[in-house]
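Residue-level structural notes
Each chain, written out:
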Amino acid sequence: MKAKNRDQSLSDSRELDGSYDQLTDSVEDDFELSTVCHRPESMDKLEELTKFTKKELQVLYRGFKNECPSGVVNEENFKTIYSQFFPQGDSSMYAHFLFEAFDTNKNGSVSFEDFVFGLSIILRGTINDRLNWAFNLYDLNKDGCITKEEMLDIMKSIYDMMGKYTYPTMQDDAPIEHVESFFQKMDQNKDGVVTIEEFIESCKKDENIMQSMQLFDNVI
């Protein structure tokens with residue numbers, strides 16, 4: 001039974017990265033099993049649960065496995081990988097928030113499934129799907145609402161990562177002004193917090209907010 005599970009795990013992994021070779025030596029099989037801590041769901045299952053094709057999943061998996069041979073990535077490695085895309089700024093805090101959003105199981109690691117499920121929503125999801133995902137990112141303590149402080153923490157992390165190096169150069173108080181403007185529009189009943197309903201309704205109504213939400217396309 002264990003041997004069958006072992007063979008199936010190897011088969012699933014190779015199906016994803018398209019590297020299956022019947023001539024693979026058994027020593028390499030043992031090495032792969034010893035270094036891989038987590039093997040993702042089968043290709044068909046992932047295609048069914050995401051909006052990616054098999055080919056796209058294979059490309060994504062090759063890249064993921066190249067950076068994370070064990071099959072999962074912890075927060076420190078995630079920050080290191082993410083910093084390569086924004087060498088001109090400090091991306092560590094935003095990468096922390098992003099990791100928290102991808103780590104849906106809250107176990108301190110992001111698997112390939114976690115990664116592609118989130119990416120599928122961000123890149124291929126409906127407006128509501130994407131706004132729900134964005135709300136979850138801003139809701140740092142996951143209590144179902146966004147405070148001004150939480151929104152400011154996210155905005156500061158984005159400005160630290162890329163805002164200071166834009167042209168024209170942004171002022172240091174730009175994140176605060178940005179948040180004040182957003183929060184005034186979103187907090188419709190003026191109770192000091194933004195609910196998911198207020199967030200989605202405000203984003204859909206205000207073209208400027210929706211354009212700012214497109215920032216996710218650039219920083220994910």
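Computed from a prediction, not measured in an experiment: that's the story for all the values here.

**Considerations on the UniProt feature "domain: EF-hand" (unreviewed entry) in the chain**
- In this structure's numbering, the residues bearing the UniProt feature "domain: EF-hand" (unreviewed entry) are residues 90-125, 126-161 and 174-209.
- Across residues 90-125 one finds 67% helix and 8% strand; the C-alpha atoms that close the span lie 28 Å apart.
- The distance separating the terminal C-alpha atoms of residues 126-161 is 27 Å; by composition the span is 72% helix and 8% strand.

**Here's the deal with the nonpolar core**
- Formed by 46 residues in total, the largest nonpolar core has its most connected members in Met151 and Phe199.
- A per-element tally of this core places helix 6 (residues 92-102) first, with seven residues.
- When residues of this core are assigned to domains, at least three fall in each of domain 1 (43-125) and domain 2 (127-219).
- Discounting residues that sit within four places of it in the chain, Met151 has contacts with Tyr138, Ile146, Val179, Phe182, Phe183 and Met186.

**Observations concerning the environment of Thr50**
- Among the structural elements, Thr50 can be located in the loop between helix 3 (43-49) and helix 4 (54-67).
- By relative accessible area, which is 9% here, Thr50 ends up buried.
- In sequence terms Thr50 and Ser120 are 70 residues apart; their C-alpha atoms lie 5.8 Å from each other.
- Those residues within four positions of Thr50 in sequence are excluded, and the remaining contacts are Leu57, Val116, Phe117 and Ser120.
- Here the side chain of Thr50 touches Leu46 through a polar contact of 2.8 Å, landing on its backbone oxygen.
- A polar contact of 3.3 Å, which involves the side chain of Thr50, links it to the backbone nitrogen of Phe52.

**Observations regarding the packing of helix 6 against helix 9 (residues 148-161)**
- One way to put it is that helix 6 packs onto helix 9 with a least axis distance of 7 Å and a crossing angle of 130°. One element, helix 6, and the other, helix 9, form an angle in the oblique class. Of the two elements, helix 6 crosses helix 9, and the hand of that crossing is left-handed. Of the residues in helix 9, those touching helix 6 at Met93, Tyr94 and Phe97 are Asp153, Ile154, Ser157, Ile158 and Met161.
- The residue makeup of the contact of helix 6 with helix 9, split by class, is six nonpolar, one polar and one charged.

**Brief notes about the confidence of the model for the chain**
- Averaged over the chain, the pLDDT score is 80; the fraction of residues at 70 or greater is 72%.
- Across residues 20-35, where pLDDT falls below 50, the model places 16 contacts with residues more than four positions away in sequence or in other chains.

**Details of the side chain of Glu150**
- Residue position: Glu150 is located in helix 9.
- The buried charged residue Glu150 lacks any salt bridge partner; its closest oppositely charged side chain belongs to Lys142, at an N-O distance of 7.7 Å.
- At 3.0 Å, the side chain of Glu150 and the backbone nitrogen of Thr147 are in polar contact.
- Ignoring sequence-local partners within four residues, the contact set of Glu150 consists of Tyr138, Asp139, Leu140, Asn141 and Cys145.

**Comments concerning the environment of Leu46**
- With respect to the helices, strands and loops of the structure, Leu46 is situated in helix 3.
- Looking at Leu46, the relative accessible area reads 0%, which means it is buried.
- In this structure the C-alpha to C-alpha distance between Leu46 and Val116, which are 70 residues apart in sequence, comes to 8.4 Å.

**A look at the layout of surface pockets**
- If you add up the space inside the largest pocket, you get close to 400 Å³.
- Secondary structure elements with two or more residues in the lining of the largest pocket: helix 4, helix 5 (75-83), helix 6 and helix 7 (112-124).
- In terms of residue count, helix 4 provides more of the lining of the largest pocket than any other element does, five residues in total.
- Each residue belonging to the lining of the largest pocket can be placed in one class, and the counts come to 16 nonpolar, one polar and one charged.

**Looking at helix 5**
- Among all positions in helix 5, only Glu75, Phe78, Ile81 and Tyr82 are buried. Relative to the axis of helix 5, the buried residues are bounded by an arc of 125° and lie together on one face.
- For helix 5, the capping residue at the N-terminal end is Asn74, with a side-chain oxygen 3.3 Å from the backbone nitrogen of Glu76.

Calculation rules
Residues take numbers from 1 onward in each chain, read along the sequence in its written order. Side-chain atom pairs in this predicted model are given and counted only at pLDDT of 80 or more, local residue features only at pLDDT of at least 70, and totals for whole chains, interfaces and linings cover all residues. As a rule here, side-chain values cover all heavy atoms of the structure and leave hydrogens and water aside. UniProt positions are given in the numbering used here, feature names are shortened, and annotations may be inferred rather than shown by experiment. Strands here mean DSSP runs of E at least two residues long; helices mean DSSP runs of H or I at least four residues long; both are numbered from the N terminus. Buried Ala, Val, Leu, Ile, Met, Phe, Trp, Tyr and Cys residues that are joined via side-chain atoms within 4.5 Å together make up what is termed a nonpolar core. Relative accessible area decides the class of each residue, using a 1.4 Å probe on protein chains only: under 20% of the type maximum gives buried, over 50% gives exposed, and in between gives partly exposed. What fixes the domain bounds is an automatic or database domain assignment. Contacts are assigned to residue pairs with any non-hydrogen atoms lying within 4.5 Å of each other. Contacts described as polar in this section are N or O atom pairs within 3.5 Å, which, within protein, must combine one atom able to donate a hydrogen with one able to accept it, while residues neighboring in sequence count only if both atoms come from side chains. A fitted line through C-alpha atoms serves as each axis, taken over the contacting stretch for helices, and the angle formed by two N-to-C directions is quoted from 0 to 180°. Working rule for angles: under 35 degrees goes down as roughly parallel, over 145 as roughly antiparallel, 65 to 115 as roughly perpendicular, anything else as oblique. Two helices that cross are described as forming a left-handed crossing if the nearer one is turned anticlockwise from the farther one by less than a right angle, and a right-handed crossing if clockwise. Residue polarity is assigned by list, with Asp, Glu, Lys and Arg as charged and Ala, Val, Leu, Ile, Met, Phe, Trp, Tyr, Cys and Pro as nonpolar; anything else, Gly included, falls into the polar class. pLDDT is defined as a per-residue confidence score from the predictor, taking values between 0 and 100. Charged residues are defined here as Lys and Arg on the positive side and Asp and Glu on the negative side; His and the ends of the chain fall outside this count. Basic side-chain nitrogens of Lys or Arg form a salt bridge, by our definition, when they fall within 4 Å of a carboxyl oxygen of Asp or Glu. Grid points spaced at 1 Å over the protein atoms alone were grouped into cavities, where a 1.4 Å probe fits but cannot get out, and pockets, open sets with protein on both sides within 12 Å along at least five of seven lines, with lining residues defined by an atom within 4 Å of a point. Grid points are joined across faces, edges and corners, and a volume is the space filled by probe spheres set on the points. Picture the helix axis, draw a direction to every C-beta atom, and the arc is the one those directions span.

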